[in-house]
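Given next are the chains, with one letter for each unit.
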Protein chains: 2
Amino acid sequence: MIAHMSRPVVHRATLDDVARAAGVSRSTASRVIAGYGPASAATRDRVVEAAGRLGYAPNPAARALVTGAGFRLVVAVIGATPDVLHDPYVDRVVSAAATLCAPHDVGVSLRWLSLHAPGDLDKMADDPSVHSVLLVNTTQSIIDAVPTRLLGRVVSIGIGSPQVPGFDVDNGGAAAATLAHLYASGRRRIAMVTGPQWMPCTHRPVEAYVAAMHAAGLPVRSVPGDFTAASGRAGMAEVLHRWPDTDAVFAGSDAMALGALAVLRERGIDVPSDIAVAGFDDVPFAALSAPALTTATHPVEEIAAGAVTALLAQSRVPPQTAYASELVLRESA
Amino acid sequence: MIAHMSRPVVHRATLDDVARAAGVSRSTASRVIAGYGPASAATRDRVVEAAGRLGYAPNPAARALVTGAGFRLVVAVIGATPDVLHDPYVDRVVSAAATLCAPHDVGVSLRWLSLHAPGDLDKMADDPSVHSVLLVNTTQSIIDAVPTRLLGRVVSIGIGSPQVPGFDVDNGGAAAATLAHLYASGRRRIAMVTGPQWMPCTHRPVEAYVAAMHAAGLPVRSVPGDFTAASGRAGMAEVLHRWPDTDAVFAGSDAMALGALAVLRERGIDVPSDIAVAGFDDVPFAALSAPALTTATHPVEEIAAGAVTALLAQSRVPPQTAYASELVLRESA
DNA sequence: ACCACCCCTGAAAGCGCTCTCAGAACAAGC
DNA sequence: GCTTGTTCTGAGAGCGCTTTCAGGGGTGGT
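Reading the values: the criteria
Residues numbered from 1 in each chain as written. Chains lettered and ligands numbered in written order. Predicted model: local features only at pLDDT ≥ 70, side-chain atom pairs only at ≥ 80, totals over all residues. Helix = DSSP H or I, 4+ residues; strand = E, 2+ residues; numbered from the N terminus. Rg over C-alpha atoms; globule rule 2.2 N^0.38 Å. Buried ≥ 20, exposed ≤ 12 C-beta atoms within 10 Å, placed from the backbone. Contact = placed C-beta atoms within 7 Å. Near = placed C-beta within 6 Å. Nonpolar A, V, L, I, M, F, W, Y, C, P; charged D, E, K, R; others polar. Core = buried A, V, L, I, M, F, W, Y, C linked by C-beta atoms within 7 Å. Least-squares fit on C-alpha atoms with pLDDT ≥ 70 in both. Pairing = 2+ DSSP bridges. Right-handed = clockwise from strand over helix to strand, strands pointing away. Expected span 1.5 Å × (residues − 1). Axes fitted to C-alpha atoms, helices over the stretch in contact; angles between N-to-C directions. Parallel < 35°, antiparallel > 145°, perpendicular 65-115°, else oblique. Left-handed = near helix turned anticlockwise from the far one by under 90°.

Undergrad: Looking at this structure, how should I read the overall build of chain A?
TA: Within chain A, the regular secondary structure consists of 12 helices and 12 strands. The C-alpha atoms of chain A give a radius of gyration of 25 Å, which is well past the 20 Å a tight globule of 333 residues would have. Each principal axis of the C-alpha distribution contributes one length, and for chain A these read about 85 × 40 × 35 Å. Residues classed as buried in chain A amount to 48% of the 333 residues present. Taking the contacts inside chain A whose residues are at least 6 apart along the sequence as the reference set, 69% of them involve residues at least 24 apart.

Right, here's the structure in full:
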């Protein structure tokens, strides 16, 4: 409960104080501070000077009340269960958003959005405290169900649409580069442990993989995972079982790659001489595994910054922005 | 800029609507909704019913404006440089806070607090948009410099004080348990790679280490680190150089332990037969390293939940709350 | 000198809510 | 019946800001 919170009274300069100090009316002061209507240069200067001298800062609550604008950016993470909120990837997005929003007096909220509850988006759209919404891991059907009154203040980290701009790493390019490296280093029986089907970010890498295999006349050996280390273990085991002669594995995430590495280690299969392993994300620990993981970077903070900036500025941006990924060559491939 | 944001007009039930529907005055409606003054049972029921029927929810901006309460919880991370904000640990705290605050219409902001700029705390104290402050990694001098008008709405993750409640993992206990395990498994030349001196959370584990060594009549072999993997590598190298006969290393963080593991691997020193390694935090990848890391858990989300709950409820809590850590035995020790 | 016109400015009306204060309604006591 | 006391309720005054609207004071044209 926010209300009934005692707070010591420190007199904070109000717009009236500024107006009085500058010898103008409140309306005029407001006009120059918020910068909309006309004002003569002299008046403007006087007001700005007075505001500076008094250390004036607008009261966000009052402003929000009258403009009807909100003061919270909600990060809505789509997933099957609320567990998605514990993902380190989500943590990074939230932290980046919270850092960028702070100077604007905008706070960040984190919410889980069920795949089957698009009504939650309506609630957010109607909530006067919500400034804008940042969709994470959204699907096509959810993006299509975004209420009209939310358009213009919602973006997506992942896929986008003409209405809802998307910001994402160049998934396809990263996968292609990784695969090219694997091929160039002589691998010819390359398997892939993919992300979950329902996640759109899984599609591009898989397409890139299939395309690369077809182009080189190699067989497709694909096994589904869910980005977790456990699924990486399971995926690796399945690959080994179905195609024992595999000589390289491309995992859709570093966590899965690390899980694969563990299985390989347990079975005494040498990496990279027997099987090469490549991941995706370049998490901090990728450099510390044994052997150190070859992987493509995922500039999460940059992507989040792009998305948040678009939201804060309410600027028009292209339907999809791709951020370059860089292949980091280490020992595993 | 929050202002000037066009927003489609959807009529949202206001307190006046509820009052009218219930056939009472706005004051009465407010009284029962916010739950302060007296009200007859019948009136109360009518208002509650009307509010429910109309789907009424108070406008946080209006409420904040009149009560003077803020709607942002700011997570202030203390550190030498703004880089501390990129720490995965901080990410987890922020995410947990953002999740817990969301239902209360409170947003989270993340800010860096320089060790030498206590004035920033004054700014927060005077900012009408800040509801409360969550200090992370704070030092004694900063905690002592917290402005009086902020007391009651500031807590710390880490050390606390009678005025500023602290929430932290039982650092000392975790260290003692780890050391006891090392000793019980026959290790007698145990070194420690500590956290940075200026961070209070470094003290307890070091004290526990020194105490354990003294109690067992063993020599103290301590080397400073800064919680990063790089410092773990450097620390391990130094330990090996100064005390070649070391048979166990206790690192103040998993990242450092993983760095140590890498050095040991490079030098062909077997873990755990030659040297045992134990970490602290139980990060996700601790289970995936080779060998899998023995480490003590650090319930960050729980701790953050305790701190945020105290802040949101404005409740009186003990000066210091310790959260139990559990030793997870894996292969490295 | 007069009018039209434009640029600036200030008065005032709220935004939705909380909370004080005075009055209404009723019960009890004499 | 009248006073005293006790609940409960409603009128109203803002919180600090934006924004409409009407008017004031110049300038230029005739």
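Undergrad: Is there a simple way to explain the protein's contact with DNA strand D in this structure?
TA: Near DNA strand D there are 31 residues, and of these Leu15(A), Ser27(A), Ser25(B), Ser27(B) and Val66(B) occur at the shortest range. Mapped by element, the contributors of at least two residues to the surface near DNA strand D are helix H2 (26–34) and helix H4 (60–67) of chain A together with helix H2 (26–34) and helix H4 (60–67) of chain B. Among the elements that line the surface near DNA strand D, the one with the most residues is H2(A), at six residues.

Undergrad: How should the interface of chain B and chain A be read in this particular structure?
TA: Accessible area lost on assembly of the parts is the figure often given for the size of an interface. On the chain A side, the residues contacting the 53 residues of chain B number 53 residues. Mapped by element, the contributors of at least two residues to the side of chain B that touches chain A are H4, helix H5 (88–101), strand S2 (107–114) and helix H11 (254–266) of chain B. Among the elements that make up the side of chain B that touches chain A, the one with the highest residue count is H5(B) (nine residues). Here the residues of the side of chain B that touches chain A are counted per class, giving 30 nonpolar, 12 polar and 11 charged.

Undergrad: What exactly am I supposed to notice about the nonpolar core here?
TA: Soluble, globular proteins show a tendency: their nonpolar side chains are buried together. The biggest cluster of nonpolar side chains holds 185 residues, and the ones touching the most others in it are Ala97(A), Leu134(A), Ala97(B) and Leu134(B). Contact partners of Leu134(A), with chain neighbours within four places excluded, come to Leu73(A), Val75(A), Ala76(A), Ala97(A), Val155(A), Ile157(A), Ala307(A), Val308(A) and Leu311(A).

Undergrad: Please clarify how the relation of the copies chain B and chain A should be interpreted in this entry.
TA: One chain copy maps onto the other through a rotation about an axis and a shift parallel to that axis. With an RMSD of 0.1 Å, the operation that places chain B on chain A is a rotation of 180° combined with a shift of 0.0 Å along the axis. Taken together, these values place the two copies in the relation of a two-fold axis. Nearest to the rotation axis, the C-alpha of Gly107(B) is located 1.9 Å from it, this being the minimum over chain B. When the interface residues of chain B are mapped onto chain A, 100% of them are again interface residues, pointing to one common binding face.

Undergrad: I tried to follow the pairing of strand S9 (residues 276–281) of chain B on my own but got confused; where do I start?
TA: A regular strand places its side chains on the two faces of the sheet in alternate fashion. All names here are of chain B. Counted residue by residue, S9 has six buried out of six residues, so it is predominantly covered. The sheet contact formed by strand S8 (residues 248–251) and S9 spans three bridges and is parallel. Within S9, the residue paired with Val249 across the bridge is Val277. As a crossover connection, the stretch from S8 through H11 into S9 is right-handed. Note: S9 against strand S10 (residues 294–297), four bridges, orientation parallel. Looking at the pairing, Asp281 lines up with Thr297 of S10.

Undergrad: What should I look at first to understand the environment of Val223(A) in this one?
TA: Residues and elements named next belong to chain A. One can find Val223 in strand S7 (residues 221–224). Residue classification places Val223 among the buried positions, given that 20 C-beta atoms sit within 10 Å. Spatially, the C-alpha atoms of Val223 and Ser114 are 25 Å apart, while their sequence positions differ by 109 residues. If near-sequence neighbours (up to four positions away) are discounted, Val223 is found in contact with Ala191, Val193, Gly235, Glu238 and Val239.

Undergrad: Help me out: how do you make sense of the protein's contact with DNA strand C in this one?
TA: As a structural note, the neighbourhood of DNA strand C is formed by 30 residues, with Ser25(A), Ser27(A), Leu15(B), Ser27(B) and Ala62(B) the closest of them. Going through the elements one at a time, H2 and H4 of chain A together with H2 and H4 of chain B are the ones with two or more residues in the surface near DNA strand C.

Undergrad: In this structure, what is going on with helix H12 (residues 300–313) of chain B? I would like to understand it.
TA: Since there are 3.6 residues in each turn of an α-helix, residues three or four apart along the chain are aligned in direction. Residues and elements named next belong to chain B. Taking 1.5 Å per residue as the helical rise, H12 with its 14 residues ought to reach 20 Å, and the 20 Å between its terminal C-alpha atoms agrees with that figure. The inward-facing, buried residues of H12 abut strand S1 (72–79), H5, strand S3 (130–136), strand S4 (154–157), strand S5 (166–169) and strand S11 (320–323). Two residues or fewer past H12, Gln314 is found with a positive phi of approximately 50°.

Undergrad: So what exactly am I meant to see when it comes to the sheet that holds strand S12 (residues 327–328) of chain A here?
TA: Strand pairing within a sheet occurs via backbone hydrogen bonds; the two strands may be parallel or antiparallel. What the six strands build is an open sheet, ordered S7-S6-S8-S9-S10-S12 (chain A); its pairing is mixed. Each edge of the open sheet is held by one strand with a lone partner, namely S7 and S12 of chain A.

Undergrad: Help me understand the environment of Phe250(B), please; the structure alone is not making it clear to me.
TA: All names here are of chain B. Along the polypeptide, Phe250 turns up in strand S8. Taking the C-alpha atoms as reference points, Phe250 and Ala175, 75 residues apart in sequence, are found 8.5 Å from one another. Contact partners of Phe250, with chain neighbours within four places excluded, come to Thr178, Leu179, Leu182, Ile190, Met192, Tyr209 and Ala278.

Undergrad: Sorry, what's going on with the packing of helix H10 (residues 229–242) of chain A against helix H11 (residues 254–266) of chain A here?
TA: Helix packing geometry: the angle between the two helix axes and the distance between the axes. All names here are of chain A. In contact at an axis separation of 7 Å, H10 and H11 are set at 50° when each is read in the N-to-C sense. Classified by the interaxial angle, the pair formed by H10 and H11 is oblique. Once H10 is placed against H11, the crossing between them reads as right-handed. Side by side, H10 and H11 meet where Ala229, Ala230, Ser231, Gly232, Arg233, Gly235, Met236 and Ala237 of the first sit next to Ala255, Met256, Ala257, Leu258, Gly259, Ala260, Ala262, Val263 and Leu264 of the second. Residues belonging to the contact of H10 with H11 are distributed by class as follows: 12 nonpolar, four polar and one charged.

Undergrad: Can you help me understand the sheet that holds strand S12 (residues 327–328) of chain B in this one?
TA: Overall, mixed pairing links the six strands, which are arranged S7-S6-S8-S9-S10-S12 (chain B) in an open sheet. The two strands at the open ends of the sheet, each matched to only one other strand, are strand S7 (221–224) and S12 of chain B.

Undergrad: Help me out: how do you make sense of the pairing of S1(B) in this one?
TA: Residues and elements named next belong to chain B. Taking burial as the measure, the eight residues of S1 include seven buried ones, the bulk of the element. Where S1 and S2 come together, eight bridges link them in parallel fashion. Looking across to S2, one finds that Leu73 is bridged to Val108. Where S1 lies against S3, six bridges are found, and the strand directions are parallel. Of the residues in S3, the one forming a bridge with Val75 is Leu134.

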